[in-house]
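Listed below, chain by chain, are the residues.
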Amino acid sequence: MTHFTAFLIFLALTPAFIFALHCVIIRFLRLFNLRPTEQLTVLACAVIGHLPIGALLWVVHIRHVYTQAGGIYTVIYALLVYNALAYSYFHVFNMSDTARRIRILYEIYTVNKIKVHALTARYGAKEMLDNRLERLLATRQIKLIGNRYVLDKKLIHDISLLIAWLGRLLGIPYPEAKHRAADTKQAKTASDVKPQ
Amino acid sequence: MTPYIFLISLILFAACFTAHVIVWRVRYPKNRPKALFLTFAVAPAVIPVFFYAVYLPFIAPITGGAPYFTVYEFLSVYLLHYSISLAYILSYPAIEAVSPTLAISLLVGKAGADGLEYDDILLTFGDDFLLKPRIQDLLDAGLAEKTGNYISITNRGKRLAWCFIQIRRLLGLPAGKG
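Rules used in this analysis
Residues numbered from 1 in each chain as written. Chains lettered and ligands numbered in written order. Predicted model: local features only at pLDDT ≥ 70, side-chain atom pairs only at ≥ 80, totals over all residues. Heavy atoms only, no water. Contact = heavy atoms within 4.5 Å. Buried area = accessible area lost by both parts, 1.4 Å probe. Salt bridge = Lys/Arg side-chain N within 4 Å of Asp/Glu carboxyl O. Polar contact = N/O pair within 3.5 Å; in protein donor to acceptor, adjacent residues only side chain to side chain. Helix = DSSP H or I, 4+ residues; strand = E, 2+ residues; numbered from the N terminus. Nonpolar A, V, L, I, M, F, W, Y, C, P; charged D, E, K, R; others polar. Pairing = 2+ DSSP bridges. Axes fitted to C-alpha atoms, helices over the stretch in contact; angles between N-to-C directions. Patch = residues over 30% accessible without salt bridge, like charges linked within 9 Å, V, L, I, M, F, W, Y side chains within 5 Å. Areas by Shrake-Rupley, 256 points an atom, 1.4 Å probe, with all protein chains shown as cover. Buried < 20%, exposed > 50% of the residue type's maximum accessible area, 1.4 Å probe, protein only. Domains from an automatic or database assignment.

1. Re the interface of chain B and chain A
A common way to report how large an interface is uses the accessible area buried once the components associate. The interface is formed by 90 residues belonging to chain B together with 93 residues belonging to chain A. When the two sides are added together, the surface that chain B and chain A hide from each other amounts to roughly 8,600 Å², 72% of it contributed by carbon and sulfur. There are four salt bridges connecting chain B and chain A. For R101(A), the salt bridge identified is with D137(B), shortest N-O distance 3.2 Å. There are 22 residue pairs in polar contact (both at pLDDT 80 or more) connecting chain B and chain A. Sort the elements by how many residues they give to the side of chain B that touches chain A and helix α4 (residues 71–96) of chain B lands first, with 16 residues. For the side of chain B that touches chain A, the residue count by class is 58 nonpolar, 19 polar and 13 charged. Two strands pair when backbone bridges link them, and strand β1 (residues 113–115) of chain A and strand β3 (residues 150–153) of chain B are joined in this way by three bridges, in the antiparallel orientation. When the sheet's bridge partners are listed, K113(A) is paired in β3(B) with S152(B).

2. Brief notes about the sheet that holds strand β1 (residues 116–117) of chain B
Pairing is antiparallel across the open sheet formed by three strands, whose spatial order is β2(A)-β3(A)-β1(B). Pairing within the sheet leaves two strands with one partner each, and these edge strands are β2 (142–145) of chain A together with β1 of chain B. In this structure, β2(A) lies alongside strand β3 (residues 148–151) of chain A, joined through four bridges in antiparallel fashion. Each residue of the ladder has a partner; that of I142(A), found in β3(A), is L151(A). Packing of helix α8 (residues 125–138) of chain A onto the sheet brings it into contact with β2 and β3 of chain A, and relative to β2(A) it is tilted by some 100 degrees.

3. Here we look at a nonpolar patch on the surface
All names here are of chain B. Together, V46, F50, V54, F58 and I59 line one region of the surface with nonpolar side chains, adding up to about 440 Å² of accessible area. The topology assignment puts F50 in helix α3 (residues 46–63). Here F50 falls in the partly exposed class, since its relative accessible area comes to 42%.

4. Side note on the domain arrangement of chain A
Residue and element names in this part refer to chain A. One can read the domain layout of chain A as domain 1 (3–98) and domain 2 (108–177). Computed from C-alpha atoms alone, the centre-to-centre distance between domain 1 and domain 2 is 28 Å. At the junction of the two partners, domain 1 supplies four residues and domain 2 supplies four residues. Each partner contributes to the roughly 310 Å² buried at the junction of domain 1 and domain 2, and carbon and sulfur atoms together form 57% of this total. Ranking the residues of domain 1 by area buried against domain 2 places T37, Q39 and T98 at the top, with a combined share of 86%. Our count for the contact surface shared by domain 1 and domain 2 stands at zero salt bridges. There are one residue pair in polar contact (both at pLDDT 80 or more) connecting domain 1 and domain 2.

Here it is as structure tokens:
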């Protein structure tokens, strides 16, 4: 096996490395009784993972690249592949944590057979909403002022705009949610306006 | 490593993405995961097969052997292409199935400085919007089946649920909240 083949294989194994790092970091944080959100922990693992994986790739291949330009291109290539795969790992982990389909599947798995209304009692819209609001507040994407939720940091909001744009590009009708919410707000505003 | 690796990977991904947009707009596929897999993974794999089975033995002798790609160049291009494609494919469900997290963020953003009350948000996201379409997805994907009023899990569904349970067990985490 050439060192370049080893470089590509190690790079392709990035998700496995991040998973191993994730297992270690979760236990390490527990030792110190630190409890950041699960999403933040995965992001931290992906960022920290640059160091050990970068060092490994340096040893197996990058230090053997004899031209400066070749070395720079190799580093850029490794960064692109590593971050794309780290992002993919983040999504797979997120599915295990936040995906409604996986949670519903898990609920059915634990009882083997369930009535639809019993399923909604075990995992209904209110619980789904509470979980998401809790995560958005914990990651400071929204904040609570009085009894109203307002936007805080804009990262998730900007990602939402990108996703909505991709949906329009693909011709997928964007869900009713946005429009329904706007209608709700308008209806509420109208009912709040008292006649003079 | 040469800049051509980046250029070819980018062209390959852009070609797959364009094909994906065209297919989705012309005829929205019924089985989207399969269509995505065919577009981003199977279709690009035809190029090296063509290169080794048709180009090298029949066309290269006429053109004097140019252009030529080594196995390493193909591997580099495909690793980059598949990494980016995987990232896109895993992001795709958020576009189609409407991630409630993203939708909440849009709603709150749209409300501006006035913000939204809890009940306003809850009114928008009922069981009909959040739960029932996802149950239907599981039925369509053959991960669950409906018999009368009951929903049960299929063997395929059990395998998938088991995988996610094991991932979280290895991480030392309880089952996801959803």
